[in-house]
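As a plain string of letters, each chain reads:
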Amino acid sequence: MTTDNIISGFQSAFGTQSSPLIVRSPGRVNIIGEHTDYNEGFVLPAAIDKAAYLAISFRNDNEIHLFANDMNETFSIGIDDLRPIGDISWPNYILGAIAQFKKRGIALKGFNASLTSDVPIGAGLSSSAAVECAAIYAMDHFFETKLDRITMVKMAQKAEHEYAGVMCGIMDQFASIFGKKDYVIKLDCRSLEYEYVPLNLQGYKVLLLNTNVKHSLASSEYNTRRQECELGVAWIQEYNSQIKSLRDVTIEMLKKYVEPKDQLIYRRCKYVVEEKERLLKGCEELQQGNINALGIRMFQTHEGLSKDYVVSCKELDFLVDAVKNDPAVLGARMMGGGFGGCTINLVKEEAIDDLIEKISKVYTESTGLELTAYVAQIENGTEIIAQ
Ligand code: GLA
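Residues numbered from 1 in each chain as written. Predicted model: local features only at pLDDT ≥ 70, side-chain atom pairs only at ≥ 80, totals over all residues. Heavy atoms only, no water.

*Asks:* So what exactly am I meant to see when it comes to the overall build of the protein here?
*Replies:* Each helix and strand counted, the protein has eleven helices and 13 strands in total. Considering only C-alpha atoms, the protein reaches an extent of 60 × 55 × 40 Å along its principal axes. The buried share of the protein, taken over its 387 residues, is 60%. Looking at the protein alone, contacts between residues at least 24 apart form 71% of all its contacts between residues at least 6 apart. Within the structure as shown, the protein displays about 15700 Å² of accessible surface, and the carbon and sulfur contribution to it stands at 46%. In the protein, 40 side chains carry a positive charge and 52 a negative one; their mean positions are 5 Å apart. (Helix = DSSP H or I, 4+ residues; strand = E, 2+ residues; numbered from the N terminus. Buried < 20%, exposed > 50% of the residue type's maximum accessible area, 1.4 Å probe, protein only. Contact = heavy atoms within 4.5 Å. Areas by Shrake-Rupley, 256 points an atom, 1.4 Å probe, with all protein chains shown as cover. Lys, Arg positive; Asp, Glu negative; His and termini not counted. Charge placed at Lys NZ, Arg CZ, Asp CG, Glu CD.)

Here it is, written out as structure tokens:
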């Protein structure tokens, strides 16, 4: 995506010669630690080289005019009428972001904004968080609010809750804003303390294999999983009021207080408690250079997500199974919320092309769908690229 293309797209959409402010905000991968963020556990994400770009400049009235370059769609609304809209989704990510400034009592002005993104939609790479973070960052600059980055992350997360209706954790927005080239972020989702860990993969690469499906269950089941975890916690709290979230819970507690009551809730909580440990060990292994061991844990994560947490789907399971016994693949698992999107694979660099060719063929034969593959480069987080 070149800055010139973004500027000319903006200028022709709004019939202006003015040069907009441009913010780039990336999508993310997550090495391990899935569905742990809203349970106050740890995650290990990184920002990638696919990003949303928001070009924006002030208007002389109180209207918000939006243009989605990739879809060639426009949308307008008055600042005083700000609300989530029903029929098309992309404006909500921007409107939800602006609404956070309005709620803080910040005096807003009208603006034109054009959105361009190469983060594939529905691929589990946080295309929506990328847009929310781009909008928050741009507004912060525009309205000179000088917010700190943690506040921006929280505002972007609220935009997703309130305007997209997904009760997401904090991982995606955090990774988009805090990303650092060639590092993963070990984030404690309880304290929001974080540490940058070098992603030293010793000749292996992060390969994303996109199923190109997004089952409609994704957001409703996401919210259901969150409630199932909260229910498990509530049952344990009846005996121990110190317990605040699954972060504080052990398998022994689950066996004692949750399993006798309900097998399904037990399995959901068990996955999260196991994943919490898996992440801490996997991160240690990455730091020690033992990426073989990390890879094995990624396969275990997939097993848990598929069998106990039940957020996978047949296409994702197919892709993980297809690489399981490949000597060039250290680890693979579904990534993100689930029910479609990508698998993340650690693959030996020189074997990548052959692997893509082989898996694409069997994937299409088995599902009738196309596979898309990307090698993810780890990049910096949200930044202003032109002003
Ligand atoms: C989505 C959410 C994140 C996180 C992941 C699962 O990407 O937005 O907050 O919960 O799913 O790990």
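*Asks:* Looking at this structure, how should I read helix α9 (residues 291-307)?
*Replies:* For α9, built from 17 residues, the straight-helix expectation of 24 Å at 1.5 Å per residue is met to within 8% by its first-to-last C-alpha distance of 24 Å. Counting buried residues along α9, twelve of its 17 residues qualify, which places the element largely inside the surrounding structure. Among all positions of α9, only Ile291, Ala293, Leu294, Gly295, Arg297, Met298, Phe299, Thr301, His302, Gly304, Leu305 and Ser306 are buried. On its buried face, α9 sits against β9 (204-214), α8 (263-288), α10 (314-323), β10 (329-334) and β11 (340-348). (Expected span 1.5 Å × (residues − 1).)

*Asks:* Which parts of the structure should I look at to understand the site of the ligand?
*Replies:* Around the ligand, the neighbouring residues are Arg28, Glu34, His35, Asp37, Tyr38, Cys168, Gly169, Met171, Asp172, Tyr222, Gly336 and Gly337. Between Arg28 and the ligand, the recorded distance is 3.1 Å, taken from a side-chain N or O atom to an oxygen atom. One of the side-chain N or O atoms of Glu34 is found 2.6 Å from an oxygen atom in the ligand. Taken by itself the ligand offers 300 Å² of open surface, and the protein chains cover 92% of this. Considering only residue class, the shell around the ligand consists of four nonpolar, four polar and four charged. (Near = heavy atom within 4 Å. Polar contact = N/O pair within 3.5 Å; in protein donor to acceptor, adjacent residues only side chain to side chain. Nonpolar A, V, L, I, M, F, W, Y, C, P; charged D, E, K, R; others polar.)

*Asks:* I keep staring at the packing of aromatic side chains and nothing clicks. Help me out?
*Replies:* Counted according to the given criterion, the structure contains 14 aromatic pairs. Measuring from centroid to centroid gives 3.9 Å for Phe58 and Phe142, while their planes differ by 20°, and the two rings are stacked. With a gap of 84 residues between them, Phe58 in strand β3 (residues 45-58) and Phe142 in helix α3 (residues 127-142) connect regions that are remote in the sequence. Centre to centre, the rings of Phe101 and Phe143 are 6.4 Å apart; their planes meet at 50°, and the pair counts as tilted. Within this pair, whereas Phe101 is found in helix α2 (residues 90-103), its partner Phe143 is found in the loop between α3 and α4 (149-164), the two being separated by 42 residues in sequence. (Phe/Tyr/Trp six-rings, centres within 6.5 Å; stacked < 30°, edge-to-face > 60°.)

*Asks:* Looking at this structure, I do not really get the sheet that holds β3. What am I missing?
*Replies:* By way of backbone hydrogen bonds, the strands of a sheet pair with one another, either parallel or antiparallel. Read from one edge of the open sheet, six strands run β5-β4-β6-β3-β1-β13, paired in mixed fashion. Pairing within the sheet leaves two strands with one partner each, and these edge strands are β5 (73-78) and β13 (383-386). Adjacent strand axes in the sheet meet at a mean angle of 25° when their direction is disregarded. With three bridges joining them, strand β1 (residues 21-30) and β13 adopt antiparallel strand pairing. By the bridge assignment for β13, Arg24 is matched with Glu383. On the sheet, α2 packs against β3, β4 (63-68), β5 and β6 (111-117) and is oriented at approximately 145° with respect to β4. Together, β1 and β3 form the strand contacts of helix α5 (residues 171-178), whose direction differs from that of β1 by roughly 125°. (Pairing = 2+ DSSP bridges. Axes fitted to C-alpha atoms, helices over the stretch in contact; angles between N-to-C directions.)

*Asks:* What is the right way to read the pairing of β9 from this model?
*Replies:* Successive side chains on a regular strand alternate, one facing one side of the sheet and the next facing the other. When you tally the buried positions in β9, you get eight out of eleven residues, the bulk of the element. Taken together, the eight bridges between β9 and β11 define a ladder with antiparallel strand orientation. Its bridge partner lying in β11, Lys214 is registered against Gly340. Of the strand pairs in this sheet, β9 and strand β12 (residues 372-376) are connected by five bridges, and their pairing is antiparallel. Across the sheet, Asn210 pairs through a bridge with Thr372, a residue of β12.

*Asks:* In this structure, what is going on with α5? I would like to understand it.
*Replies:* In an α-helix, one turn spans 3.6 residues, which is why side chains three or four residues apart end up on the same side. The buried fraction of α5 amounts to eight of the eight residues, a majority that puts the element mostly inside the structure. Within α5, burial applies to Met171, Asp172, Gln173, Phe174, Ala175, Ser176, Ile177 and Phe178.

*Asks:* Any chance you could explain the environment of Ala129 here in plain terms?
*Replies:* Residue position: Ala129 is located in helix α3. It is 20 Å that separates the C-alpha atoms of Ala129 and Asp182, two residues lying 53 residues apart in sequence. Leaving out residues up to four positions away in the same chain, Ala129 has contacts with Asp172 and Gln173.

*Asks:* Any chance you could explain the pattern of salt bridges here in plain terms?
*Replies:* Oppositely charged side chains can form a pair if their charged atoms are brought close together. As enumerated under the stated definition, the model contains 24 salt bridges in all. Residue Lys103 pairs with Glu162 through a salt bridge whose shortest N-O separation is 2.8 Å. Here Lys103 is found in helix α2, whereas its partner Glu162 is found in helix α4, with 59 residues between them in sequence. By relative accessible area, Lys103 is classed as exposed at 55%. For Glu162, a relative accessible area of 34% translates into the label partly exposed. One network of salt bridges, in which partners are shared, links Glu221, Arg225, Glu228 and Arg268. (Salt bridge = Lys/Arg side-chain N within 4 Å of Asp/Glu carboxyl O.)

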